[in-house]
Every structure is written in structure tokens, then in C-alpha cells.
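# Understanding the architecture of this molecule
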Amino acid sequence: MVKTKRGRVLWSLPSRGRGTCPVCHATRIKLLYTRSQTNGKSVKVCKRCQNAAVEAIDRIPV
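Residues numbered from 1 in each chain as written. Predicted model: local features only at pLDDT ≥ 70, side-chain atom pairs only at ≥ 80, totals over all residues. Heavy atoms only, no water.

### Brief notes about the environment of S42
Inspection of the secondary structure assignment puts S42 in strand β4 (residues 42–45). Once the C-alpha coordinates of S42 and L10 are considered, the two residues, 32 residues apart in sequence, prove to be 19 Å apart. Those residues in contact with S42 that lie beyond four places of it in its chain are T34, R35 and S36. (Helix = DSSP H or I, 4+ residues; strand = E, 2+ residues; numbered from the N terminus. Contact = heavy atoms within 4.5 Å.)

Following this line, the structure appears as C-alpha cells:
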């Protein structure tokens, strides 16, 4: 059967959940994964960077 609700929540996000990944600097990519820095700030990253090292996440200026 067809899944009519799949991905529907992306339509309510700004720019359909797309942007520039702060870790790998890929443009027009979906930023769906939340990572936390050591100072407690949360950052949205792409699928490729969801398993990035903590050092790479901490280098992101917030």
C-alpha cells in the first residue's frame, strides 16, 4: 500500500528542511539530524555528518 504521510512533516519546515550543513558545507541538503555540542547547544546536520566526531561538531560557531 502507498504511504501517503511519508515525508509530509518536511513541508511544514522552512525551506522544506533543506539548507547548508555546518560540518561538511554541502548545500541544498536535508538537515534532519540533531547533534549536541559539548556546551549544550544543538545543531542540525545532514545524514552523512550525523556520525561525525564530537570535535567536528564543536568547531561549528553557534
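Once you've had a look at it, read on.
### Concerning the pairing of β4
Burial of the side chains of β4 is restricted to one face: V43 and V45 are buried, whereas none of S42 and K44 on the reverse face is. With 4 bridges connecting them, strand β3 (residues 33–36) and β4 associate as antiparallel partners. Looking at β4, one finds that R35 is bridged to V43. A loop of 5 residues connects β3 with β4, the two strands running antiparallel in sequence, and G40 in this loop sits at a positive phi of about 100°. (Buried < 20%, exposed > 50% of the residue type's maximum accessible area, 1.4 Å probe, protein only. Pairing = 2+ DSSP bridges.)

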